[in-house]
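Observations on the three-dimensional arrangement
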Amino acid sequence: MKKLFLLVSLVIVAALIAACQPKEDTLVIFQNKIEIDQVLRDYAEAWGEKNNVKVEVKSCGGDTCAYGTQILAEFQSDKQPDIFVIEGMGGYNIYKDKILEFGNEPWLADTDLAFTVDGKVYGFPVAVEGWGMAYNKDLLLEVGFTQAEITALENVSQAQMRAAFQRVKTAFQANAKYSDYAVVSMAAGPGMTWVTGLHNFNGYLSAGLAYDDNSVITKLLNGQVDAQRLTELADWVEMLFEFGDSAVLRTGGYDEQVGIFAAGKAAFLHQGNWTDGSYANSNFAMGYLPHATRATGNDSIYIGAPSFYVINKDSQNTDAAKLFLNDLALTQEGHDYMVNKANMVPAFNSVTLKPSTPLSAAVMEWNQKGKAYAWWQNDMPSGFGMETLGPIYTLFAQRVATGSGGISKAEFIQQITQAIQNLK
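Attention in this report is confined to the structure presented alongside it. Note that this is a predicted model, so its numbers are computed, not measured.

Here we come to the overall build of the protein chain. Across its full length, the protein chain carries 18 helices and twelve strands. For 424 residues, the compact-globule formula gives about 22 Å, and the C-alpha radius of gyration of the protein chain, at 24 Å, lands near that figure. Each principal axis of the C-alpha atoms in the protein chain carries an extent, and together these give about 100 × 50 × 40 Å. Out of the 424 residues belonging to the protein chain, those deemed buried represent 52%. Considering only contacts within the protein chain whose residues lie at least 6 apart along the sequence, 73% involve residues at least 24 apart. Entry remark: accessible area of the protein chain is about 18,600 Å², with carbon and sulfur atoms responsible for 51%. Averaging the positions of the 31 positive and the 46 negative side-chain charges in the protein chain gives two centres separated by 2 Å.

The side-chain alternation of strand β9 (residues 286–289) yields two buried faces, one formed by M286 and Y288 and the other by G287 and L289. Two strands pair when backbone bridges link them, and strand β6 (residues 129–136) and β9 are joined in this way by four bridges, in the antiparallel orientation. Each residue of the ladder has a partner; that of M133, found in β9, is L289.

Here we come to the packing of aromatic side chains. Under the defined criterion, the tally for this structure stands at 33 aromatic pairs. Ring centres of F241 and F396 lie 5.7 Å apart, and the angle between their planes is 65 degrees; on these two criteria the pair is classed as edge-to-face. Highlighted residues: F241 in helix α11 (residues 227–242) and F396 in helix α17 (residues 384–402), separated in sequence by 155 residues. With 5.1 Å between their ring centres and 85 degrees between their planes, Y393 and F412 make a pair best called edge-to-face. With Y393 in helix α17 and F412 in helix α18 (residues 409–421), the pair connects residues that are 19 residues apart, well separated along the chain. Exposure class is identical for Y393 and F412. Each is buried. The ring of F145 has R167 lying over it, and the distance from NZ or CZ to the ring centre is 4.1 Å.

What the rule picks out here adds up to one disulfide. A sulfur-sulfur separation of 1.8 Å characterises the disulfide bridge that pairs C60 with C65. Taking the sign of the S-S torsion, about -95 degrees here, the bridge from C60 to C65 comes out left-handed.

Cut-off values and rules
Residues numbered from 1 in each chain as written. Predicted model: local features only at pLDDT ≥ 70, side-chain atom pairs only at ≥ 80, totals over all residues. Heavy atoms only, no water. Helix = DSSP H or I, 4+ residues; strand = E, 2+ residues; numbered from the N terminus. Rg over C-alpha atoms; globule rule 2.2 N^0.38 Å. Buried < 20%, exposed > 50% of the residue type's maximum accessible area, 1.4 Å probe, protein only. Contact = heavy atoms within 4.5 Å. Areas by Shrake-Rupley, 256 points an atom, 1.4 Å probe, with all protein chains shown as cover. Lys, Arg positive; Asp, Glu negative; His and termini not counted. Charge placed at Lys NZ, Arg CZ, Asp CG, Glu CD. Pairing = 2+ DSSP bridges. Phe/Tyr/Trp six-rings, centres within 6.5 Å; stacked < 30°, edge-to-face > 60°. Lys NZ or Arg CZ within 6 Å of the ring centre and 35° of its normal. Disulfide = S-S within 2.5 Å.

Spatial relationships are all this shows, so hold off on functional conclusions.
Below, the structure written as C-alpha cells:
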C-alpha cells in the first residue's frame, strides 16, 4: 500500500512539475519573400526566446518556388502554418475560409493600410512596396545626361522615354567600354510572369488615375477592355523589350535581371524596392523614374501594401500569432527588423526610422510627395496575371527580341483583349 501511495505521489508530483514548466509552442510562419528569409528567421528566433515560443519560418517565392502551390500543400501537412501571406482580394478569395478576422488589435490604430473586407479586418500589412523604372544615376551622368534632364523625366511621355533610351543606347554603341551593358534590364521569360503579368500589367490598371480610382480593374473583372489604355500599354511594353538585354529578357531569372543592374551594367531596371538587398556592393546612386505606361503624363510610381500577414483561424496558437504581429508593428525591435534588417518601408505610422537602402528610400520620397499610383493587380482573379497574361508577354518578348516566332504587338493586344473578355 505504501508502494502504491508512493507511486501515485510520484506521478502527481511529476504531473505538477510538468504543469509548472513553461510551455514552448511552435508558431509556424509561411511567407513569400525569399529575400528576407534569413533576417526574418533571426528576428523570429530572438522574439521566440523572449516570449518562450518556438518560431519556425518557412519561405517560398521568387522564380524558384510557387507560393500558391506550396501553401496548399502546407495546409495538408501535419502542422499547418499559423501565420501566412495573402496578396489582395485574389489571395483572400482563395483562402477566406482559413483566415481569422482580427479583433480590436493595438496595431490597427497605427496604420491606414490594413486589409479589410466588408468593414472587417483580416490582414496585417507586411510593408509598403513600390516600383518604377529604377535608374543608375551615375551611369546616366557618365553618358552625358545632366541632373536637370534626369529630373525632367519625373513627368514623362513615351516619346521622351524612348528618346532617353535611344540616347543611352547610342552612347553604349559608341564606346567599347559599354559593349556588355544594357539599356534596360527586364526578364519576361516563363519564370518571371510575376514581373510581366502582375507588375507591368498593373500600369494598365492604375497609371494616370487617382489612387482610389478602381474603375479600370472593375471593368476588367466584368470582362470589359479599355482599348486605348491597352494600346498605350503595348507601346510601352514594346519599348522595354526593344531596349532590353535580349538574353535576360528571354531566358533570365530574378538573379540575372537584378544582377546586371547591381553590377552597374544596366541604365534602367524593371523591379521594385524589394531588390535592395542586392546592392550592398553597388557603388552608384540610384532612384526611380515613372514607367511611361501612358502616352503622356506619367508622373508617379506604383506604391502600395501588396501583401498581408493573416492568421489561420484553425490555429492553436492564435494568441501567440497576434502577439507576434503586434510586437512587429509596435516595438523598437520590430521597427529595427523592418527598416534596418529587412530593408522595408513600414506601413505603420509610429515608425520613425528611415530606410538606408537606396530604392526603399526612393519609394518613401515618392510616397511623401503624394506621387503614387495604386496596386490593383492583386485584385485580379487568382492566376490571371501570372498564368494567363504572363505567357502572352513571353511570346511578345520573343518576337521583339529575335524578330521571329512569338507574337506581334497586334496579337499581344488581341490576346490580352480576349483574355479580359473571357472574364465575363
